[in-house]
Amino acid sequence: MEYLQEAQEISFLNTLESGIPKIVLLAAASDLENRTHETLVTYYQTCTQRAEFAVSFVTNKALKRQYHTFFKWEERNANQFFGLFGPKFRTKMRLAIEADEVLAASIKDFCEIGDLRNQLVHRGYATFLLEKTAAEVYGLYESALYFPERLGDLLKEEEAEEAVL
């Protein structure tokens, strides 16, 4: 970008500046989806004696086909997703979010990436106006990374609590 600016190639610079944020957005959304899949698969592998069958079912039916229906992206929260695990887990997550500002911000940023990704893909890649720079999208991504990681920890804690009962 520096080179294009110095060379006065404004049209190429504008094209690059408008295209890179979209590429970073799609890469970030894709990586977060993969990380969330991995977190859930790992959870199901460890919580059942018949892990192979459970993991295959969850991977093939739920994760591959339904991932984007787990969340109400535009609401910038994961309450719907947490509710899929039942009311006890949803309550646990509400309390965890209240106690952890980093987690709350991470979930908001995670959902913003998902929402922007959906807008980009469904409104038309070429015509969608992404009003964020690549650096801003990457900042959302860095924040959002905490959510799948913390989700895995909270699912493990819930499993351990269930095992004690």
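Caption draft 1: Quick peek at the side chain of Gln-119. Looking at the element boundaries, Gln-119 is found in helix H6 (residues 101-123). In this structure Gln-119 touches Gly-124 and Phe-128, once residues within four positions along its chain are discounted.

Caption draft 2: Structural detail: the environment of Ala-78. Within the secondary structure, Ala-78 sits in the loop between helix H3 (51-66) and helix H4 (79-83). Separated by 42 residues in sequence, Ala-78 and Leu-120 have C-alpha atoms that sit 20 Å apart. If near-sequence neighbours (up to four positions away) are discounted, Ala-78 is found in contact with Phe-71, Ile-107, Cys-111 and Phe-147.

Caption draft 3: How the structure looks around helix H7 (residues 134-144). Those residues of H7 not exposed but buried are Val-137, Leu-140, Tyr-141 and Ala-144. Burial along H7 is one-sided: seen end-on, the buried residues are contained in an arc of 100°.

Caption draft 4: Layout of the pattern of salt bridges. Applying the stated criterion to the full structure yields eight salt bridges. Where Glu-98 meets Arg-94, a salt bridge forms, and the shortest distance between an N and an O atom there is 3.1 Å. One end of the pair is Glu-98 and the other is Arg-94, both in helix H5 (residues 87-99) and four residues apart, which spans about a single turn. Here Lys-108 and Asp-109 are joined by a salt bridge, their closest N and O atoms 3.6 Å apart. On the basis of relative accessibility, which here comes to 39%, the residue Lys-108 falls in the partly exposed class. A single network of salt bridges, built from pairs that share partners, joins Lys-108, Asp-109, Glu-112 and Lys-132.

About the thresholds
Residues numbered from 1 in each chain as written. Predicted model: local features only at pLDDT ≥ 70, side-chain atom pairs only at ≥ 80, totals over all residues. Heavy atoms only, no water. Helix = DSSP H or I, 4+ residues; strand = E, 2+ residues; numbered from the N terminus. Contact = heavy atoms within 4.5 Å. Buried < 20%, exposed > 50% of the residue type's maximum accessible area, 1.4 Å probe, protein only. Arc of directions from axis to C-beta. Salt bridge = Lys/Arg side-chain N within 4 Å of Asp/Glu carboxyl O.

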